[in-house]
Amino acid sequence: MSSTPRPRLSTEEIAARFEASAEAKALLTPGLGASDFVAALVERELWSDATGFVGQWLGKRDAVTWACLASRKALGEAPPPKDRAALEAAERWLVALDEPSRRACEAAAEALGYRSAPAMAAAAAFWSGGSLSLPDLPKVPPAETLPGKGAAASVLMAGAAATPDVAGRLRELIWLGVDI
């Protein structure tokens, strides 16, 4: 699997790929650029909408990269072993882009119950291709939007784990994704 580019969709088409709030939908105007839409969402502190949009704007591999970068910032110097293992699994997948690495991400996310930023980074990697079913069962491909949703959840969790300045951290992490 190679790195996938950002979808070449309009801002409206990208916003339709996730469950945008009514307030976010009201900000959509014809011809509005993606970065300008993100800026409007961030200005209004619509964090879920901003991360959801960026997650769908990025290609699959870039979305996982974003989730990993956000998770690494959230973990600090001495992360819990399962969180560290999940982040390392997702980072290994980014390098290998193979089925064993993808399946390792599934196990790491499940070990954490999908309840931390690294768990969701690993989940986003697992959801980036292949099949969601067990290897000996009929293939069930993940929805195209799933990696971006996992990455957005990872970034939201990483921001929520921040120091007292959750809003500042979320701003930083959202623009980090835009810059990928």
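In case you missed it, the structure is sitting above this.
Residues numbered from 1 in each chain as written. Predicted model: local features only at pLDDT ≥ 70, side-chain atom pairs only at ≥ 80, totals over all residues. Heavy atoms only, no water.

Draft legend 1. Spotlight on the packing of helix 8 (residues 117-126) against helix 9 (residues 146-160). Running from amino to carboxyl end, helix 8 crosses helix 9 at an angle of 170°, the nearest separation of the two axes being 8 Å. Classified by the interaxial angle, the pair formed by helix 8 and helix 9 is roughly antiparallel. Helix-helix and strand crossings are classified by hand; for helix 8 and helix 9 the assignment is left-handed. In this structure, helix 8 contributes Ala117, Met120, Ala121 and Ala124 to the contact, and helix 9 contributes Pro147, Gly150, Ala151, Ala153, Ser154, Met157 and Ala158. Taken together, the residues of the contact of helix 8 with helix 9 break down into 9 nonpolar, 2 polar and no charged. (Axes fitted to C-alpha atoms, helices over the stretch in contact; angles between N-to-C directions. Helix = DSSP H or I, 4+ residues; strand = E, 2+ residues; numbered from the N terminus. Parallel < 35°, antiparallel > 145°, perpendicular 65-115°, else oblique. Left-handed = near helix turned anticlockwise from the far one by under 90°. Contact = heavy atoms within 4.5 Å. Nonpolar A, V, L, I, M, F, W, Y, C, P; charged D, E, K, R; others polar.)

Draft legend 2. The arrangement of the packing of aromatic side chains in detail. Counted under the stated rule, the structure contains 3 aromatic pairs. Ring centres of Phe37 and Phe53 lie 5.0 Å apart, and the angle between their planes is 75°; on these two criteria the pair is classed as edge-to-face. Taken together, the positions of Phe37 in helix 3 (residues 34-43) and Phe53 in helix 4 (residues 47-57) put the pair 16 residues apart, joining distant regions of the chain. Across the pair, Phe53 and Phe37 agree in class, each one buried. Ring centres of Phe53 and Trp57 lie 6.0 Å apart, and the angle between their planes is 50°; this geometry places the pair in the tilted category. On the criterion of helical spacing, the pair formed by Phe53 and Trp57 is a turn pair, its members being 4 residues apart in helix 4. The burial state of Phe53 is the same as that of Trp57; both residues are buried. (Phe/Tyr/Trp six-rings, centres within 6.5 Å; stacked < 30°, edge-to-face > 60°. Buried < 20%, exposed > 50% of the residue type's maximum accessible area, 1.4 Å probe, protein only.)

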